Amino acid sequence: MVLAKPISEYETVQTWLQGLRAQWGVEPDNVDARLDMLRHFCEFVERDPDAVIADCSREVEGGKRIRIKSRRLYSEKIAEFQSGAGGDARAQARTGNLVRSFMIHNGIFMQAGVQG
Amino acid sequence: MEFKEVVGRRRSIRFFEPDKPVEREKIQTILETARLASSAVNAHWLRAIVVERDKLPPEKLNQLKTPVAALTLDLAPVHIYFFCDLGIVKKIKGSRLRELVDAGALAPTHGWSHKFVDDFVYPQILEPMTNNLQGYLAAAMADCGGAAQNALLAAFDEGLGACLNTPNPMLTKQVFGVPEDWVSLWVMLVGYPAESWEAGGQRPRPPFEELYFEGDVNTPFKRDPEVVEKLKKANMIQAPAPLPGRMEEIRMLAQRLGLPE
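Just so we're clear, the structure is a prediction, and the values are computed from it rather than from any experiment.

About the criteria used
- Residues numbered from 1 in each chain as written.
- Chains lettered and ligands numbered in written order.
- Predicted model: local features only at pLDDT ≥ 70, side-chain atom pairs only at ≥ 80, totals over all residues.
- Helix = DSSP H or I, 4+ residues; strand = E, 2+ residues; numbered from the N terminus.
- Rg over C-alpha atoms; globule rule 2.2 N^0.38 Å.
- Buried ≥ 20, exposed ≤ 12 C-beta atoms within 10 Å, placed from the backbone.
- Contact = placed C-beta atoms within 7 Å.
- Nonpolar A, V, L, I, M, F, W, Y, C, P; charged D, E, K, R; others polar.
- pLDDT = per-residue confidence, 0-100.
- Expected span 1.5 Å × (residues − 1).
- Arc of directions from axis to C-beta.
- Pairing = 2+ DSSP bridges.
- Axes fitted to C-alpha atoms, helices over the stretch in contact; angles between N-to-C directions.
- Parallel < 35°, antiparallel > 145°, perpendicular 65-115°, else oblique.
- Left-handed = near helix turned anticlockwise from the far one by under 90°.

(A) Spatial organisation of the overall build of chain A. Across its full length, chain A holds five helices and two strands. Its C-alpha atoms give chain A a radius of gyration of 14 Å, within 12% of the compact-globule value 13 Å for 116 residues. Overall size of chain A, expressed as C-alpha extent along the three principal axes, is 45 × 30 × 30 Å. By the burial criterion, 30% of the 116 residues in chain A qualify as buried.

(B) Representation of the environment of A70(B) within the structure. Within the secondary structure, A70(B) sits in helix α4 (residues 70-75). Residue contacts for A70(B): discarding those within four places in its chain leaves Q111(A), G113(A) and K65(B).

(C) Expanded view of the interface of chain B and chain A. Tallying the contact residues gives 14 residues for chain B and 15 residues for chain A. Elements with a minimum of two residues in the side of chain B that touches chain A: α4 and α12 (246-257) of chain B. By residue class, the composition of the side of chain B that touches chain A is nine nonpolar, one polar and four charged.

(D) Looking closely at the confidence of the model for chain B. Residues with a pLDDT of 70 or more make up 100% of chain B, whose mean pLDDT is 96. At the level of chain-chain contacts, confidence expressed as ipTM amounts to 0.85, with global pTM at 0.92.

(E) Structural context of helix α2 (residues 24-35) of chain B. Residue and element names in this part refer to chain B. The first and last C-alpha atoms of α2 sit 17 Å apart over 12 residues, in line with the 16 Å expected at 1.5 Å per residue. Of all the residues in α2, the buried ones are I27, I30 and A34. Projected down its long axis, α2 carries its buried residues within an arc of 55°, all on one side. Turned more than 90 degrees away from the buried face of α2 sit E25, Q28 and E32, all of them exposed. For α2, the elements touching its buried residues are β1 (46-52), β2 (78-85) and α8 (133-157).

(F) Structural detail: unusual backbone geometry. Along the chain, A241(B) connects to P242(B) via a cis peptide bond; the corresponding omega equals 0°. With a phi close to 50°, N30(A) is a non-glycine residue in the positive phi region. With respect to the helices, strands and loops of the structure, N30(A) is situated in the loop between α1 (11-24) and α2 (31-45). Within the chain, K93(B) stands out as a residue other than glycine whose phi angle is a positive 50°. Note on placement: K93(B) falls in the loop between α5 (88-92) and α6 (95-102).

(G) A look at the pairing of strand β2 (residues 63-66) of chain A. All names here are of chain A. In the sheet, strand β1 (residues 57-60) pairs with β2 via four bridges, with the strands oriented antiparallel. Bridged to V60 within β2 is G63. Linking β1 to β2, which pair antiparallel, is a turn of two residues; within it G62 sits at a positive phi near 90°.

(H) Focus on the packing of helix α4 (residues 68-83) of chain A against helix α5 (residues 89-105) of chain A. All names here are of chain A. Where α4 meets α5, the axes come as close as 8 Å, and the angle between the chain directions of the two elements is 150°. When the axis of α4 is compared with that of α5, the two are roughly antiparallel. Relative to α5, α4 is oriented so that their crossing is right-handed. Here Y74, I78, A79, F81, Q82 and S83 of α4 lie close against α5, whose contacting residues are Q92, A93, T95, G96, V99, R100 and M103. When its residues are assigned to classes, the contact of α4 with α5 shows seven nonpolar, five polar and one charged.

See below:
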């Protein structure tokens, strides 16, 4: 699957980068590498970033709800993507956490456990 | 540690040293402190089941994880599950109130006697109270809250970190096979903090005057700045969060423990 536009132009990707800036008070480092890894994940699940986030939530009266089943599915996909990534266990954890960070800063609560 | 400083240092710790065991003596101290909490009619509704994370079969540990508390359950080496034993009042009837009369805690000076307990307090107040589930639950749980707070403070006094989480009540009852009339309340996660003891500073609180009143609800209790200064000197009121360097501390912990940023 090829994304229809550069990954940085997706709204959820901008939300992610803004979230990182706001949370940590500094410009996120290695932005290109982060975006590249997220792009690989999107190819892996064959969904663009906005669609990934849309899959995990739905609009209801009075706000948004997380779709528990979809979140679980993506959580498993991230774990699968992580285990297929290069490097040692720590490097693989960093890869998975990068995608989790994208989900978290878009409001999709997610935990992965200790991977240190 | 002085009492005021213990109160000032307590904050919900969410980063624990996952592999640093907690001494059994410290866990007992936490439980002993809970047992000494004030309790209405001396009933003592709080029950606790202590679990060493690494002794819990992995499938049970996974079963107990909620989406919000999965990570802290992995990090904390000791989990204390608190329950409220709703059956206790009917089991003990008025016997613990009679003990208080015998101990001189409840005395005729204040109208108390064995006969008052036997003829009036249990049959006309306590027993009917247990049949009004909504009111009874609120009273019993409030009582448990006081005991759990004692336990929390004891953990910090012992140099540990702790926080309360809400487990899935059905799963908790199932995993531990507790009696039907026990209500699942909280899990207190205990361990040595992986974060600094300040944990980023004292957490935000609503203004004092919004919470406490004098005489009526329209008159906020007047806060004396001199008292505030005294409490600051005693380390009860501490520097508010976020302290400088807190975000760097979290990032460092994230890298060390392999957590997302």
